[in-house]
Amino acid sequence: MKKKTRKLSVIALLLSTAVFTACSVPVSNNATSSKGSFNGKEIEAFVDPIFAQKMKEYNVNGSNFVVVKDGKVLVNKGYGYADKEKKTLVDKNTVFQIASVSKTFTALAALQLVEQGKMDLDHDINAYLGGMKVPNETETPLTLRSMLSYTTGFDYPDKANFVAPEYVDQDIPMKKFMTEHMPTVVRTPGEAYTYDNFAFLLAGYAIENVSGTPFYKYMENHVFKPLGMNSTSARFTPELLNRMATHYGPDGKPHPTYGHAPTDGPQGSILSTGEDMAKYLTLFQQQGSVNGKQIISKETTKMMQTYSVFANELLPMTTIGGFEGYRNDLMNGYHVVLKGGNMPGHQSLIVLLPEENTAFYMSYNNDTMMSLDIYEALMDHYFPEKKAPETPTYLPLDASDAAKYTGTYLNTRFYFLKSNFTYADGNLIMETGTSGTHTLRMINPLLFEDELGNKLAFKKDHKDQIEYFYYTNPNSPDFVSDARKVHTKPAFADVSEDNAYKSYIYNLYSLDVISAKSGNHFEPQGTMTQGEFMDALILAHGWYGFPHLIEGNKELTKKGIPSIDRNAVITRQEAAVMIQNLKQAKQASEITLKGDTDSWATDSIKALVSQGIVDPDTKVNDDGSVDFRSKKPLLRQEASALLDLAFGYYTLPIKH
């Protein structure tokens, strides 16, 4: 079976510059038996009812849509309202935030400088940063090639993700921001795919430094103006804001425009229109030339659309150009590269079929995943399945061979996504916290298939060892990046075998959430500062790219914590409020607090206790009463238990 009806609440993670919404994505069209004729009138006749249906289904108020074929614009129109309240219609000049589609523009600009000999794809990126250094724990330099193909090896690739309404009117320089939020290269560059916002922010800063021109000005002078994209900018302008489509949530309610920190967001700050994006699509169909101007070379244009990173020879992943190959099941056997973008209230998608010299583009004003439904309908109508997929032949797998695959793996972008592999009856058994349990049969020693036909590819590291996997199941957010194997670590000298906190400590230690205090000593009875706990909490939750969810978060102030002092010793009640604020835990049973607790922490503590998020030394009586010791300092072993229980880690072995 090629396609199934699928409900997906986290697919936007892959496409997004920022992650703020949960989206529902039904995919349920069957491929047609023959191609639809390809002309403007026929395309409009086909897509008009689809947009009407899908916009209603996804509660989208307004959308634009562009089709370009052989360098000619066949369709460029709007649907619905840019502003429903004012009855302003969407047209080809309506401005949308294209979000992560910006990455492809940043790649193009960087490759211009490569063509000019001012940068090299394979040279250490530090040479282009004007003295700024990227920490690197590997023996392999970080290069532009790895950055533009999402294979940097950064530990926290979303450290570039600061988006909020207050940033619209601020001017925050890239250099200052990056100095304060620089991630570290912890995996060999080029080895593993991780959707990576910081890579493109760093590429944008290299463009700025090497060219001697602010990023937004470079884009204006060397990309947008030469392309004739006069309504496109990497920054907000009064004129573009005036034409921007209102932002709506999936509930149909309008909300403010979100800006970026830093202000120039090479990873996602570009604004554009259907009229301008049609010119951008034309660039790829005219071998890098628009209106007689060669923006990039023919060779670079081809490279941007050619896959260079694969999970498996059957599973293309990324190009050196910011484009990707997710949802391989929707490509119908064609060479397709695409890029999506998500900001709160706006969504965009580019689809390029280089061998067919055809491209689609759409933006709309909410952040659901309507775009994938429309993409599937377009592919099935105009580019139906070339041939029925072959039924694979499965190879036997014995327990000894399975040992190299089994273990726990952690997603390299979102640390809250964990998968555990075991062996049973000739198959691998995969357990996830998101899509459940799957039985995997081996097609070849690096490629497996689950019970639904989704492929899972294992990948080797530079030591020729199985270290990563990539899973194509769209019901599982694991497909947003490779997942890496979690390796055991030596035991702590000061954590005894009978310590009730042992499993929690080692669990978080194995996942690098909480590390040794000094040498091989954990200091389980030691205290933590607010800063130390916040860092561990963000890692435990898995969204390191969004520290502003905690630090400076107005919700914490509302809940009673007057201010955040990173150097102050954290109390148990402060830790409980922070966990509950990020987890959004709800009280599940009647709880009575004994002892001294500040009123602002009461609800958070009751919520955690009622859900069993309590350390071993906190006893809940049969009548629901408990002394949480709220104003006592939080001990390191207690922090391990609370974080482990709150965010659900697998128990991992430790070498003794």
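Because the structure is a prediction, the values reported are computed rather than measured. (Residues numbered from 1 in each chain as written. Predicted model: local features only at pLDDT ≥ 70, side-chain atom pairs only at ≥ 80, totals over all residues. Heavy atoms only, no water.)

## Comments concerning the overall build of the protein
- When helices and strands are tallied, the protein shows 18 helices and 26 strands.
- Here the protein holds 656 residues, and 61% of them are scored as buried.
- In the protein, once contacts between residues fewer than 6 apart in sequence are set aside, the share between residues at least 24 apart is 69%. (Helix = DSSP H or I, 4+ residues; strand = E, 2+ residues; numbered from the N terminus. Buried < 20%, exposed > 50% of the residue type's maximum accessible area, 1.4 Å probe, protein only. Contact = heavy atoms within 4.5 Å.)

## Some remarks on the pattern of salt bridges
- Considering all chains together, one arrives at 29 salt bridges under this definition.
- With a shortest N-O distance of 2.6 Å, Asp264 and Arg235 are connected by a salt bridge. Within this pair, whereas Asp264 is found in the loop between β8 (259-261) and β9 (271-272), its partner Arg235 is found in the loop between α7 (215-227) and α8 (238-242), the two being separated by 29 residues in sequence.
- The residue Asp615 makes a salt bridge to Arg572 at a minimum N-O spacing of 2.8 Å. In this pair, Asp615 is assigned in the loop between α17 (599-610) and β26 (625-627) and Arg572 in helix α16 (residues 572-583), connecting sequence segments 43 residues apart. A single burial state applies to Asp615 and to Arg572, both of which are buried. (Salt bridge = Lys/Arg side-chain N within 4 Å of Asp/Glu carboxyl O.)

## Overview of the sheet that holds strand β3 (residues 88-89)
- Spatially, the six strands line up as an open sheet ordered β3-β2-β1-β16-β15-β14, and their pairing is antiparallel. Each end of this open sheet is capped by a strand with a single partner; those strands are β3 and β14 (337-343).
- Two elements, strand β2 (residues 72-83) and β3, share two bridges in a ladder whose sense is antiparallel. Considered in β3, the bridge of Asp83 is made with Thr88.
- Contacts from helix α2 (residues 40-57) reach β1 (62-69), β2 and β16 (358-364), with the element oriented near 25 degrees to β2. (Pairing = 2+ DSSP bridges. Axes fitted to C-alpha atoms, helices over the stretch in contact; angles between N-to-C directions.)

## Section: the sheet that holds strand β18 (residues 418-424)
- Taken in spatial order, the eight strands of this closed barrel run β17-β18-β19-β20-β21-β22-β23-β24, and their pairing is antiparallel. Each adjacent strand pair in this sheet contributes to an overall mean axis angle of 30 degrees, direction not counted.
- Summarising the sheet, strand β17 (residues 407-411) and β18 pair through four bridges and their orientation is antiparallel. Bridging from a neighbouring strand, Gly407 pairs with Phe421 of β18.

## A few points about unusual backbone geometry
- Cis peptide bonds are those with omega within 30 degrees of zero, and the linkage from Ala261 to Pro262 qualifies with 0 degrees.
- Summarising the element assignment, Pro262 is placed in the loop between β8 and β9.
- Of note in this structure, Lys87 is not a glycine but carries a positive phi near 60 degrees.
- Mapped onto the secondary structure, Lys87 falls in the loop between β2 and β3.
- Overall, Lys87 belongs to the exposed group, its relative accessible area being 54%.
- A positive phi angle, close to 55 degrees, is found at Asp425, a residue other than glycine.
- Considering the arrangement of structural elements, one finds Asp425 in the loop between β18 and β19 (427-432).

## Examining the nonpolar core
- Grouped together as the largest cluster of nonpolar side chains are 116 residues, with contacts concentrated most on Phe65, Phe105, Ile125, Leu148, Leu202, Tyr280 and Tyr375.
- For this core, the leading source of residues is helix α6 (residues 197-211), giving nine residues.
- Apart from residues no more than four positions distant in its own chain, Leu148 is found in contact with Ala107, Ala110, Leu111, Leu121, Phe200, Ala203, Thr319, Ile320, Gly321 and Gly322.
- If you look at the next biggest cluster of nonpolar residues, it comprises 50 residues, including Tyr504, Ala540, Ala576 and Phe647. (Core = buried A, V, L, I, M, F, W, Y, C linked by side-chain atoms within 4.5 Å.)

## Digging into the environment of Leu456
- Here Leu456 is to be found in strand β22 (residues 455-460).
- When its relative accessible area of 0% is taken as the criterion, Leu456 is described as buried.
- Spatially, the C-alpha atoms of Leu456 and Ala311 are 8.7 Å apart, while their sequence positions differ by 145 residues.
- Filtering out sequence-adjacent residues up to four positions away, Leu456 remains in contact with Phe421, Met430, Leu440, Leu446, Leu447, Phe448, Phe469, Tyr470 and Tyr471.

## Comments concerning the side chain of Glu42
- Looking at the secondary structure, you find Glu42 in helix α2.
- There is a polar contact of 2.5 Å between the side chain of Glu42 and the side chain of Tyr382.
- Excluding anything up to four places from it in sequence, Glu42 contacts Ser37, His381 and Tyr382. (Polar contact = N/O pair within 3.5 Å; in protein donor to acceptor, adjacent residues only side chain to side chain.)

## Structural notes on the confidence of the model for the protein
- Per-chain confidence: the protein averages 89 in pLDDT, with 90% of residues scoring 70 or above.
- For residues 650-656, every residue scores under 50 in pLDDT, and the model assigns this stretch 30 contacts once sequence neighbours within four places are set aside. (pLDDT = per-residue confidence, 0-100.)

## Thoughts on the pairing of strand β13 (residues 315-319)
- Counting buried positions over the five residues of β13 gives five, a clear majority of the element.
- Where strand β12 (residues 307-312) meets β13, four bridges bridge the pair, whose relative direction is antiparallel. Counted as the bridge partner of Tyr307 is Thr319 from β13.
- Hairpin connection, β12 to β13: the antiparallel pair is bridged by two residues.

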